[in-house]
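Fold and contact review
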Amino acid sequence: MIFSALLSHYRRHPVQALFLLLSIVMANALLVGTQLINAQSRASYADGEQVLTAGPIAYLRSRESNMPVNESDYVQLRRQGFDMLAPVLRRLVLTGEGDPVELLGIDALAFPRQGAQTQGDAVYGSQGFAGFSFAPYEVWGSPGRLEQLGWLPGERVSLRSGDQLPLVRAVPDAGLGHRLLVDIGVLQELTDSRGQLSSIMVFEADPAAIGSLLAALPAGLVYTAVEQGPDPAELTRSFHLNLAAMGLLSFVVGIFLAYNALSFSYTDRHELLRKLRLAGVTRRQLRGALLLELALYLGVGGMVGAWLGARLAASLLPGVGQTLAQLYGVYIAYPDSFSLAGMLMPLLMTAIAAALCIMVPMRQSLQAPLLERGTSGWQGQAVLRRDRLMLLAGLVLLLLAAVASVQATTTWTALAGMACLLLGAALCLPLVLRAILTLLMRLVPSQNARAGWLLADSRWLLGPASLALMAMTLALVANSGLNTMISSFRQATDDWLNQRLAAQLYFRSAEAPRGLQEWLDQQAPGVALSERYRVMLERPDPEGKTAQVELVSLQAEAQFAATIDLIRTTGGARDRFEDGQGVYISERAWRLEGWQPGDLVAACPGRSPLPVLGVYHDYGNPQPQWMMHETLFRHCWPDREPASLALTGPDTVDWAGLRDALSLQFQLQADDLVDQAELKSIGIAVFDRTFLVTNALNALTLLVAGIGIFCAVSAIHHHRIVQQALLASLGISRRERGALLLIQWGLLGLLCMVLVWPFGTVLAGYLAGVVTPVAFGWSFALVPEWQHYANLAVLAASAMMVAVTLPAVRLLRTSPATLLRTEAVQA
Amino acid sequence: MTRVVMAVLLVMAQACTPDAGPEDRGDFAVLAQGAEGFAQARPGVPLVFSRDHGAHPAYRIEWWYLTANLQGSDGLEYGAQWTLFRSATRPPGELPPANPWQDPQVYMAHLAITTPDGHVAFQRYARGGVHDGEARAGATAEPFEAWLDDWVLRSTGEHWLPLQLRAAEDGYAIDLQLDSSRPKVLQGEDGFSQKHPDGGGSYYYSQPFLEARGDIKFNGQVVAVQGSAWLDREWSSQFLKADQLGWDWFALHLESGEKLMLFRLRGVPGSNRGDFKHGVLIEPSGAKRQLDPETIGFREISRSTVAGRELPLYWRISLGELGRELEVRALHPDQWMDVDFAYWEGVVTVSGEGPGNRGVGYLEMTGYTPR
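Let me begin by describing the structure that accompanies this report. (Residues numbered from 1 in each chain as written. Chains lettered and ligands numbered in written order. Predicted model: local features only at pLDDT ≥ 70, side-chain atom pairs only at ≥ 80, totals over all residues. Heavy atoms only, no water.)

**Here's the deal with the overall build of chain B**
Note the threshold: Helix and strand assignments come from DSSP, with helices taken as H or I runs of at least 4 residues and strands as E runs of at least 2, each series counted from the N terminus. Buried means the residue's accessible area, taken with a 1.4 Å probe over protein chains only, is under 20% of the maximum for its type, while exposed means over 50%, and partly exposed covers the values in between. In what follows, a contact means two residues having at least one pair of non-hydrogen atoms within 4.5 Å. Per-residue and other accessible areas were derived by the Shrake-Rupley procedure at a 1.4 Å probe size, with only the shown protein chains allowed to occlude residues.
Secondary structure summary: chain B contains 2 helices and 25 strands in total. Scored against the burial criterion, the 371 residues of chain B give a buried share of 60%. Within chain B, counting contacts between residues at least 6 apart in sequence, those at least 24 apart form 60% of the total. If you sum the accessible surface of chain B, you get close to 13200 Å²; carbon and sulfur atoms cover 47% of it.

What follows is the structure in structure tokens.
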């Protein structure tokens, strides 16, 4: 009975019930989604790399990193009886639309069979293998990945190179994840890599057999056990933390809104509760009924949220897989269903948060003196006190964030600092807005009554609306921070590509065609042949641990030196580097391995150690790197063959023409020469797709905030009848009242940007300068993108105006007489 | 000839399945697939050696099939089967593929070892492409060598015989020296063996007189063995016709020194086609006696359940023309070849009156579907 009386409120105000549900759903959905994605990824890491459900225990790779394995080595090892080996070729190709696609080339016939057991699986039983391994061949992908690429089973996809992939086939549950699987011969032909393997997979075998394999390895191959390699869980930890943080952010935004909706529903029922108590219902019974009501909302909202979250996870997982593949070279499987376990934690969190949320409003409602009629909750002094407290809390949080930015040494502390920054910004909002509105009121000439009223009323609105505004601000700050971070990162990638690709034309082979230099001297004066050398070294890092360091040469031409952006330098670094008096080290070698400028390192055999002259950005290169001038390199390693070959020269050279002439003169294939622009476009295409998921989540968070604002504004307008009645009775036309409403909320939205602007930039700087270096060992410079803020401001103001339109129309349609009547009743 | 087991491979060859419903016929339907574009086996074409010891890539399927009935130094019965199957995935006549991974020749090898109380079977696959002068699988005529990885059957000297077989997997290994002073036997009509009443068939020769000596390794022990081995070589482009289901194939070493080869190709029930029977007795001299199919009786005495199938593991064979009766019984039922194209093949003992009705051998049964 009591329960139905309480619920009758929602029958009269179904929108309020809907908003409450929506906020619970929102709090849950993204959190569940990100949790499920993380759980699935971790499960994939635990399983290790799976190729057709077989997980290699080790890889045989070329001793020279990034160099191909000769396939005749593989054939010889198989002929010696090492049947636990299977060849792999990994290649990245671009589709006609410019989508980068990772292809894994295997020989399905060479896959291990457990003793006499057959694979027996419907997917790759005998008939399946036939289609895969023999003409006309097939390319296999998980349904999720194919959907992401927009490929239909049975079709043939064209690549940018003009080649066609074989028939597409969707293969669920094969652990393919982001990669597509194709026959190794097909992939070699597609990518002009005949005779090459990326590595040789080693499958489970008894220890004696592995021992014999090690003894029989050709000199050029090294055996790397899977557990010796980078641990994918470790590698991707910060990525998953980021994802979890985004889920939490959306959870917090949802909880803010749920709190908003709950406090409105309690305030609105103040009178009802008082009457019920007068009718003899005890506080205990009322509390029970209210808790039951909350449980109902939580149950329904939680379930819908969990369902949405699972849908979200399923649709985002291929994108996450793409990011993981491109950032870390780690592959996860895309399952067809998720376990319930991942959904329980968010439900529990929502329940606890909701319980905390209702504590204060519920006590206020239940403890209110029985004989006193309810008063409006937004008393000026109380609100001001609340805002001051929030500002104080916000400032403390910002201080903590500042400390964390200096002190953070782990990803956790860096992210905690980021959370402090975000929440701190949000908490400062109400008082800052209040101050701005007060300032504006002083600036408005006193004879402009409407503007004065508008500002004063907006200031009052900060009371009920501040939570919703804070939620929106939180989402906007996060959004702008991430956007700035991503655009800066993109710029960093571009810089890195420029640094790596300073030459205009690259040869695929490291061996120069005979007579190339002479031909160039005659046909293309000014164009120089530039060679890049590299060697892998094992050196003790400053802590004494052995580190694998890649030592590379920097070409002598001036344009190469110009691409090296030094973060730390010692005196006269550039001149001394030119003279071969020292080396540069990469940022990773500096931050993670711990070499410092000024340290002496053994970089040149037969010479005394050389000083570290400077530190350069080497964005995202997982390998610590040292760099020395080409002249010094060739002096130190005279027998070294160049690792890559390029042509450099002034931009005035007709590079396309030169490319054609070269192909003709030296009978090069179309693929033998690659121009800089092509390589760069691949790099940037990969980058853009890497951040698809981040962008998607980012947009979702913003959407959550938009819906939240809509809910909050609707709820508030329910309480604005009095003001409308007053305005109407003052003779202000409906049209004017409408304009006032829109301006008022648009103004609030715009004013939020006053905070979003600086804090978004600070957040981006925090991500680029604190979180990334701590998590990855490298940083990049912040490139603020001001236009983005303008977009966001327009977005925020329009979101507000759209949100306010529907309730405003309802409000304005009501005739002044009705408004006054309602006013009278309420009074 | 024998066990043709499966050219099974074929399966791999043909993504397109023929019209006949394979669900009735198990995996062996592949042996009946079409042969357009491949060379066809025809009667009246003489076999040429040593050329024909090597591979015939113009034909769709081919095998090197060795079984050995062995006695251990411990006095117990052992058996070994090693087969290399070749299958061409495309007809000849096109240019050789530039990429060795796209070589049309695909090989499958089976290794099975029967011990007094057990049986193991292994399989491997490889393509025939040559990478920098080396292929994972292939067969050359001179010097003779048929191999897949380190499973190898090869001549040890200048001549085809003696041969050596070496294969090992997963703690099991076989190493046999095989030799004979008697000539190989051209089956059917001078090496053309009809496999179907309509006239289709294969090229087929055998060396049933191989004396084997060597050792078998299993469960960490090595047992010296010796005994009799039988090598079958067969190539064709179509083996079964669409209305044939499978076969029961006997290769027996009799105590009289004779070799007896019998097979029955079973027609698909309701196909209006009876069984196709064939039998040949090879005398110790190597002289061949073709048996009248009408007089050969295959009677199942009992069936046993193996791998979910009811298999006849106890037979009474009657050779009416010779007035002989032989009882053929599996050494033990568990000689199921649990490979991609599964079948039963194993050591059998032959008992009856007199040395012409007693001995050992191998029985192969295919095309039995699970209950």
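**Digging into the nonpolar core**
In a soluble, globular protein the nonpolar side chains are often hidden away together inside. Residue and element names in this part refer to chain A. Let me state the cut-off plainly: To qualify as a nonpolar core, a set must consist of buried Ala, Val, Leu, Ile, Met, Phe, Trp, Tyr and Cys residues joined through side-chain atoms within 4.5 Å.
Counting 99 residues, the largest nonpolar core has Leu469, Leu476, Ile709, Trp745, Leu748 and Met753 as its most contacted members. Top contributing element to this core by residue count: helix H15 (residues 449-500), with 19 residues. Dropping the residues within four chain positions of it, methionine 753 is found in contact with Leu476, Pro758, Tyr789, Leu792, Ala793 and Ala796. Core analysis: the second largest hydrophobic core is formed by 52 residues, Val69, Leu89, Val139 and Leu165 among them.

**A look at the pairing of strand E3 (residues 85-94) of chain A**
Residues and elements named next belong to chain A. This is how the line gets drawn: At least two DSSP bridges between two strands are needed for those strands to be called paired.
With 7 of 10 residues buried, E3 lies mostly within the body of the structure. Two elements, E3 and strand E10 (residues 199-202), share 4 bridges in a ladder whose sense is antiparallel. Of the residues in E10, the one forming a bridge with leucine 85 is valine 202. As judged from the 7 bridges shared by E3 and strand E4 (residues 100-106), these two strands associate in the antiparallel manner. Bridge assignment links valine 88 to a residue of E4, and that residue is isoleucine 106. Here E3 folds back onto E4 in antiparallel fashion, the turn holding 5 residues, of which glycine 98 has a positive phi close to 90 degrees.

**Here's the deal with the interface of chain B and chain A**
The cut-off we apply is this: Buried area, as used here, totals the accessible surface that two parts lose on assembly, with accessibility defined by a 1.4 Å probe and the loss added over both. Counted as salt bridges are all cases of a side-chain nitrogen of Lys or Arg within 4 Å of a carboxyl oxygen of Asp or Glu. Identification of polar contacts relies on pairs of N or O atoms within 3.5 Å, with a donor-acceptor requirement for protein atoms, meaning one able to donate a hydrogen and the other able to accept it, and with residues adjacent in sequence counted only if both atoms are side-chain atoms.
With 35 residues of chain B at the contact, the number on the chain A side is 38 residues. Summed over both sides, the interface between chain B and chain A buries roughly 3100 Å², with carbon and sulfur atoms accounting for 52% of that surface. Linking chain B to chain A there are 6 salt bridges. Measuring nitrogen to oxygen at the nearest pair gives 3.0 Å for the salt bridge that ties aspartate 149 of chain B to arginine 78 of chain A. Linking chain B to chain A there are 14 residue pairs in polar contact (both at pLDDT 80 or more). Contributing elements (two or more residues each) for the side of chain B that touches chain A: helix H1 (9-13), strand E4 (118-127), strand E6 (134-135) and strand E8 (145-148) of chain B. If you tally residues by element for the side of chain B that touches chain A, the top one is E4 of chain B, at 7 residues.

**Some thoughts on the state of the cysteines**
Residue and element names in this part refer to chain A. Stated formally: Any cysteine sulfur atom paired with another within 2.5 Å is treated as part of a disulfide.
One pass over the full model with this rule turns up 1 disulfide over all chains. Across the disulfide from cysteine 604 sits cysteine 636; the S-S distance is 2.0 Å. Taking the torsion about the sulfur-sulfur bond, which here is approximately -110 degrees, the covalent link between cysteine 604 and cysteine 636 counts as left-handed. Residue cysteine 604 is located in the loop between strand E18 (600-601) and strand E19 (610-616), and its partner cysteine 636 is located in helix H20 (residues 630-636); the two are separated by 32 residues in the primary sequence. For the residue pair cysteine 604 and cysteine 636, the accessibility class agrees, reading buried in each case.

**Focus on the pattern of salt bridges**
Scanning the model with the defined rule gives 34 salt bridges over all chains in all. Note that glutamate 293 of chain A and arginine 269 of chain A form a salt bridge whose closest N and O atoms lie 2.7 Å from each other. Of this pair, glutamate 293 of chain A sits in helix H11 (residues 283-328) while arginine 269 of chain A sits in the loop between helix H9 (237-268) and helix H10 (270-278), and the two are 24 residues apart along the sequence. Here glutamate 293 of chain A falls in the buried class, since its relative accessible area comes to 1%. Across the pair glutamate 550 of chain A and arginine 534 of chain A runs a salt bridge whose closest N-O atoms are separated by 3.0 Å. Here arginine 534 of chain A lies in strand E14 (residues 534-540) and glutamate 550 of chain A lies in strand E15 (residues 546-554), a separation of 16 residues in the sequence. Accessibility classification places glutamate 550 of chain A together with arginine 534 of chain A in one group, the buried group. Through salt bridges that share partners, Asp248, Arg264, Arg266, Asp275, Glu300 and Arg303 of chain B make up one connected network.

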